[in-house]
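Here is how the chains run, residue by residue.
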Amino acid sequence: MIKKRDVHESQALFELMTHPDVFPYVRQKASSSEELMFMIKQMIEAEERGEVISRTILDEWGNPAGTISLFDVHNHSGFLGTWLGKPYHGLGYNQAAKEVFFNELFYELGIENVYLRIRKTNLRSQKAAEKLPYVVSANEMNKALYDEINKNENLFNLYVISKDLYTLVHMRTHDETEDALEA
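Since this is a predicted model, take the numbers as computed values, not measurements.

**Quick look at the layout of surface pockets**
Working step 1: Computed from the structure, the largest pocket encloses a volume of approximately 1,200 Å³.
Working step 2: In terms of lining, the largest pocket is formed by 45 residues, of which the most central are Y25, T82, W83, N122 and S125.
Working step 3: Those elements that provide at least two residues to the lining of the largest pocket are helix 1 (10-17), helix 2 (33-48), strand 3 (64-74), strand 4 (77-84), helix 3 (93-107), strand 5 (113-119) and helix 4 (123-131).
Working step 4: Looking at the lining of the largest pocket, the element that brings in the most residues is strand 4, giving six residues.
Working step 5: The class makeup of the residues in the lining of the largest pocket is 24 nonpolar, twelve polar and nine charged.

Below you can see the structure in the form of structure tokens.
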């Protein structure tokens, strides 16, 4: 479902990222597969320094479908960045990748908060985030960070996924599943 980044996937990811429905939402844009290969190499090095955590999202055959990353890692927190190639939109890959990634972040890597900075014009991503029971609007809750990400223009809404709420939601879901099985 997800794996650590690899420079050998640059051609496949480049082809997926350049689709006009995808490219505007990719944080690390590349103008060629070679440039993307260089960027992936830099990202692998940044992960070794603890600055970023990045994974490739895979389809059921092990082909790259997109990426999911935690950027600007600082004080056990960071910003989520994810994109999927157009052929994978609406097929559940993003949600499945997030579950695996969040489990790794929270329970293996010591992350406490995952922030989502979503453009106010990106209604599709906002609706997807707001559907998740462990996502909370942080525009007012973390006003200083909200103001910082909007210091030049008021472009983004801020959301947060805390380890505590994520864990609580998953414990509740697990308990409800067990209750249903016992009934």
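**Brief notes about helix 1**
Each full turn of the α-helix corresponds to 3.6 residues, which orients residues three or four apart in the same direction.
Working step 1: Every buried residue of helix 1 is accounted for by S10, L13, F14, L16 and M17. Relative to the axis of helix 1, the buried residues are bounded by an arc of 165° and lie together on one face.
Working step 2: Considering only its buried residues, helix 1 is in contact with helix 2, strand 2 (53-58), strand 3 and strand 4.

The rules behind the values
- Residues numbered from 1 in each chain as written.
- Predicted model: local features only at pLDDT ≥ 70, side-chain atom pairs only at ≥ 80, totals over all residues.
- Heavy atoms only, no water.
- 1 Å grid on protein atoms, 1.4 Å probe; cavity = no way out; pocket = protein on both sides within 12 Å on 5 of 7 lines; lining within 4 Å.
- Points joined across faces, edges and corners; volume = space filled by probe spheres on them.
- Helix = DSSP H or I, 4+ residues; strand = E, 2+ residues; numbered from the N terminus.
- Nonpolar A, V, L, I, M, F, W, Y, C, P; charged D, E, K, R; others polar.
- Buried < 20%, exposed > 50% of the residue type's maximum accessible area, 1.4 Å probe, protein only.
- Arc of directions from axis to C-beta.
- Contact = heavy atoms within 4.5 Å.

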